[in-house]
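The primary structure of each chain is shown beneath.
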Amino acid sequence: MHLDSSFLESFAASNAPERLPSTLNQLKVLALSDVCYSNLDYVSWALCLLKSSPNLHKLQG
């Protein structure tokens, strides 16, 4: 899955949950590009995705 800052920006308007309602069991690779990690809302959503992806093998920045 490839996500960029515009994806995270669309979710940043709301508070990030601890985890997603469903786990992303099939997600093996997550690529986050053009993400401003100084924005805590973006970081919160990125962490939520990571916590919801138990089979993640690779994270690309």
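Residues numbered from 1 in each chain as written. Predicted model: local features only at pLDDT ≥ 70, side-chain atom pairs only at ≥ 80, totals over all residues. Heavy atoms only, no water.

1. Quick notes on the confidence of the model for the protein chain
Keep in mind that low pLDDT regions are not for reading the predicted coordinates in detail.
Stage number 1. Mean pLDDT over the protein chain works out to 86, with 100% of the residues at or above the 70 mark.
Stage number 2. No element of the protein chain has a lower mean pLDDT than helix α1 (residues 5-12), which averages 77, and none a higher one than strand β3 (residues 58-60), which averages 91. (pLDDT = per-residue confidence, 0-100. Helix = DSSP H or I, 4+ residues; strand = E, 2+ residues; numbered from the N terminus.)

2. Regarding the nonpolar core
Stage number 1. If you look at the biggest cluster of nonpolar residues, it comprises twelve residues: Leu-3, Leu-8, Ala-12, Leu-27, Leu-30, Leu-32, Val-35, Tyr-42, Trp-45, Ala-46, Cys-48 and Leu-49.
Stage number 2. Elements supplying a minimum of two residues to this core: α1, β2 (29-33) and α2 (40-51).
Stage number 3. Counting residues per element, this core draws most heavily on α2, which supplies five residues.
Stage number 4. Apart from the residues lying within four places of it in its own chain, the contact partners of Leu-49 are Leu-3, Leu-8, Leu-20, Leu-24 and Leu-30. (Core = buried A, V, L, I, M, F, W, Y, C linked by side-chain atoms within 4.5 Å. Buried < 20%, exposed > 50% of the residue type's maximum accessible area, 1.4 Å probe, protein only. Contact = heavy atoms within 4.5 Å.)

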